[in-house]
Amino acid sequence: MKNLFRSIALCSLIAVAGNAFGADKVCKVEISGNDAMKFDKTEIAVAGDCTQVELTLKHTGKLPAQAMGHNWVLTKTGDVSAVATDGIAAGLANDHVKKGDTRVLAHTKVIGGGQTTSITFPTSALKKGEAYTFFCSFPGHSAIMKGAFKFG
Ligand SMILES: [Cu+2]
């Protein structure tokens, strides 16, 4: 019993210290895509003190992933077209993202109508002020389904 109290006290101390140093701040972002091949956001801004981003993608349509699949891919703005082109070749089985593509900073799987998916990724790979773009890499979608991603 004495040990249990000691553990609880220690945990509380770590939690307090963690907050004081701003250990982890998970920032939540929600975006949805529909059967009209559109995202409901053209811009996402994440504050510079967020250490993690929890991104939830909802497909509010009814069409299956094979016909109107959507994902959420984050790259530097200059990498969008090359990553999207490689994503077409990668196929649906790979969520339209080339395996091991280091230009991809974060991505969800491809989902169909009525489905939801979430990812959590660290912001440590992002630079403040850099131009990032989020887009859907399903074939033919990235021309319309994209927006600015701002960090900082
Ligand atoms: Cu799409």
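See the structure shown above.
Residues numbered from 1 in each chain as written. Predicted model: local features only at pLDDT ≥ 70, side-chain atom pairs only at ≥ 80, totals over all residues. Heavy atoms only, no water.

Details of the packing of aromatic side chains
Right, so step 1: What the rule picks out here adds up to four aromatic pairs.
Right, so step 2: With a centroid separation of 6.0 Å and an interplanar angle of 15°, the aromatic rings of W72 and F134 are classed as stacked. Residue W72 is located in the loop between helix 2 (65–68) and strand 4 (73–76), and its partner F134 is located in strand 7 (residues 132–135); the two are separated by 62 residues in the primary sequence. One exposure class covers both W72 and F134, and it is buried.
Right, so step 3: Their ring planes at 65° and their centres at 6.0 Å tell us that W72 and F149 sit as a pair that is edge-to-face. You can see W72 sitting in the loop between helix 2 and strand 4 and its partner F149 sitting in strand 8 (residues 146–151), a full 77 residues away along the chain. (Phe/Tyr/Trp six-rings, centres within 6.5 Å; stacked < 30°, edge-to-face > 60°. Helix = DSSP H or I, 4+ residues; strand = E, 2+ residues; numbered from the N terminus. Buried < 20%, exposed > 50% of the residue type's maximum accessible area, 1.4 Å probe, protein only.)

Some remarks on the pattern of salt bridges
Right, so step 1: Applying the stated criterion across every chain, the model contains six salt bridges.
Right, so step 2: One salt bridge in this structure joins K150 and E43, with 3.6 Å as the shortest N-O distance. Highlighted residues: K150 in strand 8 and E43 in strand 2 (residues 43–46), separated in sequence by 107 residues.
Right, so step 3: Among the residues examined, E43 registers a relative accessible area of 43% and is labelled partly exposed.
Right, so step 4: Taking the shortest distance from any N to any O, the salt bridge between D101 and R103 comes out at 2.9 Å.
Right, so step 5: Connected via shared salt-bridge partners are D86, K98, D101 and R103. (Salt bridge = Lys/Arg side-chain N within 4 Å of Asp/Glu carboxyl O.)

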